[in-house]
Amino acid sequence: MTAEPSGTASHARILGIGAYRPSVVVPNSDIVGRIDSSDEWVQQRSGIKERRWAAPEETARSMGVAAAEQALVRAGLDARQIDCVVVATISHFMQTPALATLIAHDLGTEQPAAFDISAACAGFSHGIALANDLVRGGSARHVLVIGVERLSEITDPDDRGSAFIFADGAGAAIVGPSRTPGIFPVVWGSDGEQYDLIRQRDDWRDVITSETPSMPYLQMQGNAVFRWASFAMAKVGLQALDRAGITVDELDCFVPHQANMRITDAMARSMKLPDTVRIARDIAEQGNTSAASIPLALDRMYADGEARTGDHALLIAFGAGLAYAAQVVVLP
Ligand SMILES: CC(C)(COP(=O)(O)OP(=O)(O)OC[C@H]1O[C@@H](n2cnc3c(N)ncnc32)[C@H](O)[C@@H]1OP(=O)(O)O)[C@@H](O)C(=O)NCCC(=O)NCCS
């Protein structure tokens with residue numbers, strides 16, 4: 001059993017971030033032939049030049065563990081200090097038990113609370129919001145939040161609207177107590193009326209009774225998703241800044257879910273972000289990794305010198321559901 005968390009904390013913050021990029025680099029030229037498209041079209045419409053896909057041995061479990069190990073090192077913590085593990089994923093194909101339990105075990109944690117959350121591309125920011133409240137409420141002292149996806153398995157290679165978008169990878173963050181505010185209030189919500197805009201094409205029961213069973217691919221009404229994300233999410237971002245008590249001029253980094261470069265640009269324009277705000281553009285080389293995209297994008301910003309300790313970063317995650325969550329965090 002893990003030690004009892006030692007009471008409530010005034011504040012929480014992210015103590016370390018980790019990432020894992022799988023090994024297979026897939027350029028647009030490998031994808032476009034099957035969907036009657038071109039490298040130029042894909043780059044212009046999505047900003048994606050290439051994406052990372054997992055090799056067979058790079059499972060959601062192994063990628064999640066690798067990202068978590070890096071986050072632990074960067075946070076200066078031992079796995080035994082983690083008392084809660086939250087995994088955001090839509091590509092763990094065992095409905096139960098949770099992937100979080102396996103990852104917690106592989107890491108050498110001491111039987112912490114461990115559970116998965118299903119909020120698709122909004123999963124990582126949901127996890128950070130939960131972790132903030134768990135630490136501040138005294139339910140956990142150190143929470144490991146992982147976003148991990150292996151979307152290449154559920155991407156239809158013949159679907160012109162999505163074959164070039166989705167990718168694989170993992171990112172992680174450790175959230176722990178802090179003397180000063182490090183995670184500001186979340187702005188979040190969902191719209192079940194728009195359930196069909198992005199979703200798994202078939203129910204598992206339809207898959208197994210089909211005469212030609214195949215993985216239940218993701219399907220998406222790209223244009224409607226594009227319009228929703230570009231306009232509604234900019235308002236959510238401004239609300240999150242407001243709840244953190246900062247203006248766009250005080251913001252250092254903007255790290256939206258890496259859905260599409262044009263959505264990122266439209267949000268930045270609509271929020272009137274000044275040129276001083278550094279913007280995550282990981283999608284160009286990584287593709288859209290759903291719940292993993294924000295920590296992966298942050299990791300690249302650190303590597304490129306665009307994110308620094310103490311920076312205020314606005315995270316906005318959004319996707320199927322239509323679920324979204326946004327918050328300002330102080331970077332570790
Ligand atoms: C998928 C996406 C790039 C498609 O771009 P779009 O401009 O909306 O494309 P549309 O479906 O309206 O089609 C526009 C034209 O491009 C063509 N087209 C569609 N897909 C194409 C492809 N892969 N290659 C070449 N042409 C394509 C269509 O046939 C259509 O041609 P027409 O005007 O001659 O009829 C865009 O909708 C998008 O990025 N949406 C958001 C997706 C996303 O980010 N999802 C993740 C959210 S978590």
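Residues numbered from 1 in each chain as written. Predicted model: local features only at pLDDT ≥ 70, side-chain atom pairs only at ≥ 80, totals over all residues. Heavy atoms only, no water.

A. Fine view of the site of the ligand. Around the ligand, 21 residues are found, and the nearest of them are Ser-37, Arg-45, Arg-160, Asn-223 and Asn-260. Arg-160 places a polar main-chain atom, nitrogen or oxygen, 2.9 Å from a nitrogen atom of the ligand. At the level of elements, helix 1 (39-46) and helix 6 (222-244) are the ones that each hand at least two residues to the shell around the ligand. In terms of residue count, helix 6 provides more of the shell around the ligand than any other element does, four residues in total. (Near = heavy atom within 4 Å. Polar contact = N/O pair within 3.5 Å; in protein donor to acceptor, adjacent residues only side chain to side chain. Helix = DSSP H or I, 4+ residues; strand = E, 2+ residues; numbered from the N terminus.)

B. Seen up close, the pattern of salt bridges. For the coordinates displayed, the defined rule picks out 14 salt bridges. In this structure, Arg-80 engages Asp-78 in a salt bridge whose closest nitrogen and oxygen atoms are separated by 2.9 Å. Relative accessible area serves as the criterion here: at 31%, Asp-78 is assigned to the partly exposed category. A salt bridge links Asp-156 to Arg-201, with the shortest nitrogen-to-oxygen separation between them at 3.1 Å. (Salt bridge = Lys/Arg side-chain N within 4 Å of Asp/Glu carboxyl O. Buried < 20%, exposed > 50% of the residue type's maximum accessible area, 1.4 Å probe, protein only.)

C. Inspection of the packing of aromatic side chains at higher detail. This model, assessed by the stated rule, comprises three aromatic pairs. With 6.4 Å between their ring centres and 75° between their planes, Phe-93 and Trp-204 make a pair best called edge-to-face. Of the two residues, Phe-93 sits in the loop between strand 4 (84-88) and helix 3 (99-107) while Trp-204 sits in helix 5 (residues 204-209), which places them 111 residues apart along the sequence. Of the residues examined, Phe-93 reaches a relative accessible area of 31% and is grouped as partly exposed. The interplanar angle of 75° and the centroid separation of 6.1 Å between the aromatic rings of Trp-228 and Phe-318 together place this pair among those described as edge-to-face. With a gap of 90 residues between them, Trp-228 in helix 6 and Phe-318 in strand 13 (residues 312-319) connect regions that are remote in the sequence. Relative accessible area serves as the criterion here: at 3%, Phe-318 is assigned to the buried category. (Phe/Tyr/Trp six-rings, centres within 6.5 Å; stacked < 30°, edge-to-face > 60°.)

D. View of the sheet that holds strand 8 (residues 187-189). In space, the five strands of this open sheet follow the order 8-14-13-11-12, with mixed pairing throughout. Each of the sheet's edge strands pairs with one partner strand only, and the pair in question is strand 8 and strand 12 (278-279). Direction of pairing for strand 11 (residues 253-256) relative to strand 13: parallel, over a ladder of four bridges. When the sheet's bridge partners are listed, Val-255 is paired in strand 13 with Leu-315. Contacts between helix 9 (residues 293-303) and the sheet are confined to strand 11, strand 12 and strand 13, with strand 11 contributing the most and set at about 145° to the helix. (Pairing = 2+ DSSP bridges. Contact = heavy atoms within 4.5 Å. Axes fitted to C-alpha atoms, helices over the stretch in contact; angles between N-to-C directions.)

E. Geometry of the packing of helix 2 (residues 60-75) against helix 3. As a packed pair, helix 2 and helix 3 sit with axes 9 Å apart at the nearest point and diverge in direction by 55°. It follows that helix 2 is oblique to helix 3 by the angle criterion. In this structure, the crossing between helix 2 and helix 3 has a hand that is right-handed. For the pair helix 2 and helix 3, contact is made by Ala-60, Arg-61, Gly-64, Val-65, Ala-68, Glu-69 and Leu-72 and by Leu-99, Leu-102, Ile-103, Asp-106 and Leu-107, respectively. Here the contact of helix 2 with helix 3 is composed, by residue class, of eight nonpolar, one polar and three charged. (Parallel < 35°, antiparallel > 145°, perpendicular 65-115°, else oblique. Left-handed = near helix turned anticlockwise from the far one by under 90°. Nonpolar A, V, L, I, M, F, W, Y, C, P; charged D, E, K, R; others polar.)

F. Representation of the sheet that holds strand 1 (residues 11-20) in the model. The strand order across the open sheet formed by five strands is 1-7-6-4-5, and the pairing between neighbours is mixed. Pairing within the sheet leaves two strands with one partner each, and these edge strands are strand 1 and strand 5 (113-117). Each strand of the sheet is rotated relative to its neighbour by a mean of 20°, with strand direction disregarded. Summarising the sheet, strand 1 and strand 7 (residues 168-178) pair through nine bridges and their orientation is antiparallel. Following the sheet pairing, His-11 is matched in strand 7 by Ser-178. Along the sheet, helix 3 contacts strand 4, strand 5 and strand 6 (143-150); its crossing angle with strand 5, the most-contacted strand, is approximately 135°. Against the sheet, helix 9 engages strand 1 and strand 7, with an angle of about 85° to strand 1.

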